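# Examination of the molecular architecture
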Amino acid sequence: MLIGVSVLAAIVAAVDWWAVATDVRRVEIVAKPATMIALIVVLAAIPDVPGPVRAWLVVGAVLGLVGDVALLGDGETAFMAGLGSFALGHLAYVGAALTVGFDPVWALPGVAFGVVLLGYRFVPRTLPGARSAGGDVLAGAVIFYALVITSMAVTAWATGAIVAAVGAMLFAVSDWVLGHRRFVGPLPGGRLAVMVPYHVGQALLVVGLATA
(Lines give C-alpha, C1' and ligand atoms only; values in the text may rest on other atoms or scores of the structure.)
Protein backbone atom coordinates (compact mmCIF):
# COMPACT_ATOMS: atom_id res chain seq x y z
CA MET A 1 0.00 0.00 0.00
CA LEU A 2 2.81 2.41 0.88
CA ILE A 3 4.44 1.95 -2.53
CA GLY A 4 1.12 2.41 -4.29
CA VAL A 5 0.17 5.66 -2.54
CA SER A 6 3.74 6.98 -2.94
CA VAL A 7 3.59 6.41 -6.70
CA LEU A 8 0.17 8.06 -6.80
CA ALA A 9 1.51 11.08 -4.89
CA ALA A 10 4.42 11.39 -7.33
CA ILE A 11 2.07 11.25 -10.32
CA VAL A 12 -0.25 13.89 -8.90
CA ALA A 13 2.74 16.14 -8.12
CA ALA A 14 4.02 15.72 -11.69
CA VAL A 15 0.60 16.69 -13.03
CA ASP A 16 0.68 19.82 -10.88
CA TRP A 17 4.18 20.71 -12.15
CA TRP A 18 2.96 20.30 -15.71
CA ALA A 19 -0.04 22.53 -14.99
CA VAL A 20 2.20 25.18 -13.44
CA ALA A 21 4.73 25.02 -16.29
CA THR A 22 2.03 25.30 -18.96
CA ASP A 23 -0.21 27.66 -16.97
CA VAL A 24 -3.24 25.37 -17.09
CA ARG A 25 -5.05 26.91 -14.15
CA ARG A 26 -8.05 24.58 -14.07
CA VAL A 27 -5.73 21.59 -13.58
CA GLU A 28 -3.51 23.35 -11.04
CA ILE A 29 -6.38 24.25 -8.70
CA VAL A 30 -7.13 20.52 -8.40
CA ALA A 31 -3.65 19.00 -8.60
CA LYS A 32 -1.97 21.36 -6.14
CA PRO A 33 -4.11 20.49 -3.08
CA ALA A 34 -4.43 16.89 -4.29
CA THR A 35 -0.66 16.52 -4.04
CA MET A 36 -0.71 17.43 -0.36
CA ILE A 37 -3.67 15.15 0.28
CA ALA A 38 -1.70 12.31 -1.33
CA LEU A 39 1.31 13.12 0.88
CA ILE A 40 -0.90 12.94 3.98
CA VAL A 41 -2.09 9.52 2.83
CA VAL A 42 1.55 8.44 2.36
CA LEU A 43 2.30 9.59 5.89
CA ALA A 44 -0.64 7.60 7.23
CA ALA A 45 0.63 4.48 5.42
CA ILE A 46 4.18 4.60 6.84
CA PRO A 47 4.36 1.92 9.55
CA ASP A 48 5.82 2.19 13.05
CA VAL A 49 5.92 5.98 13.29
CA PRO A 50 5.82 7.10 16.95
CA GLY A 51 2.45 8.64 17.74
CA PRO A 52 3.64 12.15 18.68
CA VAL A 53 5.89 12.38 15.61
CA ARG A 54 3.08 11.28 13.29
CA ALA A 55 0.70 13.77 14.92
CA TRP A 56 3.11 16.71 14.42
CA LEU A 57 3.72 15.67 10.81
CA VAL A 58 0.02 15.34 10.03
CA VAL A 59 -0.63 18.80 11.48
CA GLY A 60 2.22 20.24 9.40
CA ALA A 61 1.01 18.62 6.19
CA VAL A 62 -2.61 19.67 6.76
CA LEU A 63 -1.52 23.27 7.37
CA GLY A 64 0.50 23.05 4.15
CA LEU A 65 -2.69 21.97 2.37
CA VAL A 66 -4.55 24.94 3.86
CA GLY A 67 -1.74 27.24 2.75
CA ASP A 68 -1.81 25.81 -0.77
CA VAL A 69 -5.53 26.47 -1.06
CA ALA A 70 -5.10 30.01 0.27
CA LEU A 71 -2.33 30.82 -2.23
CA LEU A 72 -4.52 29.72 -5.10
CA GLY A 73 -6.33 33.01 -4.50
CA ASP A 74 -5.13 36.46 -5.46
CA GLY A 75 -4.43 39.54 -3.39
CA GLU A 76 -2.85 40.41 -0.07
CA THR A 77 -5.46 38.63 2.07
CA ALA A 78 -4.86 35.31 0.33
CA PHE A 79 -1.10 35.77 0.61
CA MET A 80 -1.22 36.55 4.33
CA ALA A 81 -3.54 33.60 4.98
CA GLY A 82 -1.13 31.33 3.14
CA LEU A 83 1.84 32.82 4.98
CA GLY A 84 0.18 32.22 8.35
CA SER A 85 -0.79 28.64 7.51
CA PHE A 86 2.69 27.77 6.29
CA ALA A 87 4.32 29.40 9.31
CA LEU A 88 2.24 27.24 11.63
CA GLY A 89 3.01 24.23 9.45
CA HIS A 90 6.74 24.89 9.73
CA LEU A 91 6.38 25.12 13.50
CA ALA A 92 4.60 21.75 13.50
CA TYR A 93 7.55 20.26 11.59
CA VAL A 94 9.87 21.81 14.18
CA GLY A 95 7.80 20.02 16.83
CA ALA A 96 8.18 16.73 14.95
CA ALA A 97 11.94 17.20 14.64
CA LEU A 98 12.39 18.07 18.31
CA THR A 99 10.35 15.00 19.24
CA VAL A 100 12.73 12.85 17.17
CA GLY A 101 15.75 14.37 18.92
CA PHE A 102 18.19 17.28 18.93
CA ASP A 103 21.95 16.97 18.52
CA PRO A 104 23.68 20.40 18.70
CA VAL A 105 26.57 19.22 16.53
CA TRP A 106 24.24 18.03 13.78
CA ALA A 107 22.39 21.36 14.05
CA LEU A 108 25.43 23.33 12.87
CA PRO A 109 24.96 22.67 9.11
CA GLY A 110 21.38 23.88 9.48
CA VAL A 111 22.59 27.08 11.13
CA ALA A 112 25.09 27.64 8.31
CA PHE A 113 22.38 27.03 5.72
CA GLY A 114 20.10 29.53 7.45
CA VAL A 115 22.79 32.21 7.47
CA VAL A 116 23.38 31.75 3.74
CA LEU A 117 19.65 31.64 2.95
CA LEU A 118 18.92 34.85 4.86
CA GLY A 119 22.09 36.62 3.80
CA TYR A 120 21.78 36.05 0.06
CA ARG A 121 19.27 38.56 -1.28
CA PHE A 122 16.71 38.05 1.50
CA VAL A 123 18.00 40.70 3.91
CA PRO A 124 19.31 43.14 1.29
CA ARG A 125 16.49 42.78 -1.26
CA THR A 126 13.43 40.69 -0.28
CA LEU A 127 12.95 42.32 3.11
CA PRO A 128 13.12 45.89 1.77
CA GLY A 129 10.73 44.83 -0.99
CA ALA A 130 8.26 43.51 1.58
CA ARG A 131 8.50 46.74 3.57
CA SER A 132 7.91 48.76 0.43
CA ALA A 133 4.87 46.63 -0.46
CA GLY A 134 3.22 46.47 2.94
CA GLY A 135 5.07 48.59 5.46
CA ASP A 136 6.50 47.44 8.77
CA VAL A 137 3.64 45.01 9.44
CA LEU A 138 4.31 42.95 6.33
CA ALA A 139 8.08 43.23 6.81
CA GLY A 140 7.68 41.96 10.39
CA ALA A 141 5.56 39.04 9.21
CA VAL A 142 8.17 38.14 6.59
CA ILE A 143 10.98 38.31 9.17
CA PHE A 144 9.05 36.04 11.53
CA TYR A 145 8.38 33.61 8.71
CA ALA A 146 12.04 33.56 7.72
CA LEU A 147 13.07 32.78 11.30
CA VAL A 148 10.53 29.95 11.44
CA ILE A 149 11.87 28.49 8.19
CA THR A 150 15.42 28.69 9.54
CA SER A 151 14.32 26.95 12.74
CA MET A 152 12.79 24.16 10.68
CA ALA A 153 16.04 23.64 8.79
CA VAL A 154 18.14 23.72 11.97
CA THR A 155 15.94 21.25 13.86
CA ALA A 156 15.69 18.92 10.86
CA TRP A 157 19.48 18.80 10.65
CA ALA A 158 19.68 18.33 14.43
CA THR A 159 17.85 15.01 14.18
CA GLY A 160 20.75 13.57 12.20
CA ALA A 161 18.29 12.38 9.55
CA ILE A 162 19.91 13.48 6.29
CA VAL A 163 16.79 12.87 4.19
CA ALA A 164 14.77 15.16 6.46
CA ALA A 165 17.55 17.77 6.45
CA VAL A 166 17.73 17.86 2.65
CA GLY A 167 13.94 18.09 2.51
CA ALA A 168 13.88 21.00 4.96
CA MET A 169 16.48 22.88 2.90
CA LEU A 170 14.54 22.35 -0.34
CA PHE A 171 11.34 23.48 1.38
CA ALA A 172 13.14 26.61 2.61
CA VAL A 173 14.56 27.32 -0.84
CA SER A 174 11.04 27.12 -2.27
CA ASP A 175 9.86 29.75 0.20
CA TRP A 176 12.93 31.89 -0.55
CA VAL A 177 12.09 31.81 -4.26
CA LEU A 178 8.44 32.61 -3.55
CA GLY A 179 9.42 35.63 -1.46
CA HIS A 180 11.88 36.86 -4.06
CA ARG A 181 9.31 36.53 -6.84
CA ARG A 182 6.70 38.46 -4.87
CA PHE A 183 8.81 41.27 -3.45
CA VAL A 184 11.83 41.59 -5.75
CA GLY A 185 11.19 40.17 -9.19
CA PRO A 186 11.15 37.02 -11.33
CA LEU A 187 13.77 34.30 -11.20
CA PRO A 188 14.71 31.61 -13.77
CA GLY A 189 12.24 28.74 -13.75
CA GLY A 190 9.22 30.85 -12.87
CA ARG A 191 6.61 29.34 -10.57
CA LEU A 192 8.01 25.89 -11.27
CA ALA A 193 11.08 26.90 -9.26
CA VAL A 194 8.71 27.27 -6.30
CA MET A 195 6.59 24.16 -6.71
CA VAL A 196 9.19 21.47 -7.45
CA PRO A 197 11.40 22.09 -4.37
CA TYR A 198 8.25 22.64 -2.31
CA HIS A 199 6.77 19.23 -3.09
CA VAL A 200 10.05 17.30 -3.14
CA GLY A 201 11.31 19.04 -0.02
CA GLN A 202 8.15 18.52 2.00
CA ALA A 203 7.96 14.87 0.96
CA LEU A 204 11.58 14.22 1.98
CA LEU A 205 11.08 16.12 5.24
CA VAL A 206 7.97 14.14 6.18
CA VAL A 207 9.35 10.75 5.18
CA GLY A 208 12.75 11.50 6.74
CA LEU A 209 11.27 12.46 10.11
CA ALA A 210 8.72 9.63 10.03
CA THR A 211 11.44 7.04 9.52
CA ALA A 212 14.17 8.61 11.66
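The structure we're discussing is the one just above.
All residue numbers refer to positions counted from 1 along the written sequence of the respective chain. Selection of residues for local features in this predicted model requires a pLDDT of at least 70, selection of side-chain atom pairs for listing and counting requires 80 or more, and totals for whole chains, interfaces and linings are taken over all residues. Only heavy atoms go into the side-chain values, all of them from the structure, while hydrogens and water stay out.

### So, empty space enclosed by the protein
Sizing a probe to match a water molecule and rolling it over the atoms shows the empty space that remains. In this analysis the probe radius is 1.4 Å and the grid spacing 1 Å, with only protein atoms considered; a cavity is a set of points the probe fits into but cannot get out of, a pocket is an open set with protein on both sides within 12 Å along at least five of seven lines, and lining residues have an atom within 4 Å of a point. Grid points are joined across faces, edges and corners, and a volume is the space filled by probe spheres set on the points. Scanning the entire structure with this criterion turns up one cavity of 30 Å³ or more. Volume-wise, the largest cavity comes out at about 220 Å³. Taken together, 19 residues make up the lining of the largest cavity; nearest its centre are Leu83, Tyr145, Ile149, Asp175 and Gly179. By definition, any uninterrupted DSSP run of H or I lasting at least four residues is a helix, any uninterrupted run of E lasting at least two residues is a strand, and each is numbered from the N terminus. Those elements that provide at least two residues to the lining of the largest cavity are helix H4 (76–100), helix H5 (104–119), helix H6 (122–158) and helix H7 (162–183).

### Focus: helix H2 (residues 25–45)
In this analysis, the expected span of each helix is defined as 1.5 Å times one less than the number of residues it contains. Compared with an ideal rise of 1.5 Å per residue, which puts 21 residues at 30 Å, H2 spans 30 Å between its outermost C-alpha atoms and is within 8% of the ideal. Contact partners of the buried residues in H2: helix H1 (2–22), helix H3 (51–71) and helix H8 (192–210). In this analysis, two residues are considered to be in contact whenever any of their non-hydrogen atoms come within 4.5 Å of each other.

### Details of the side chain of Glu28
Along the chain, Glu28 turns up in helix H2. By relative accessible area, Glu28 is classed as buried at 2%. Aside from chain neighbours lying at most four places away, what touches Glu28 is Asp16, Ala19, Val20, Pro33, Leu72 and Arg191. Burial status follows relative accessibility: with a 1.4 Å probe on protein chains alone, a residue under 20% of its type maximum counts as buried, one over 50% as exposed, and anything between as partly exposed.

### Digging into the nonpolar core
Generally speaking, soluble globular proteins have nonpolar side chains that are buried together. To define a nonpolar core, start from buried Ala, Val, Leu, Ile, Met, Phe, Trp, Tyr and Cys residues and group those joined through side-chain atoms within 4.5 Å. By size, the foremost hydrophobic cluster in this structure holds 48 residues, and its most contacted members are Leu57, Tyr93, Met152, Leu205 and Leu209. Mapped onto this core, the elements with two or more residues apiece are H2, H3, H4, H5, H6, H7 and H8. Sort the elements by how many residues they give to this core and H6 lands first, with 10 residues. Leaving out residues up to four positions away in the same chain, Met152 has contacts with His90, Tyr93, Val94, Ala168, Phe171, Ala172 and Leu205.

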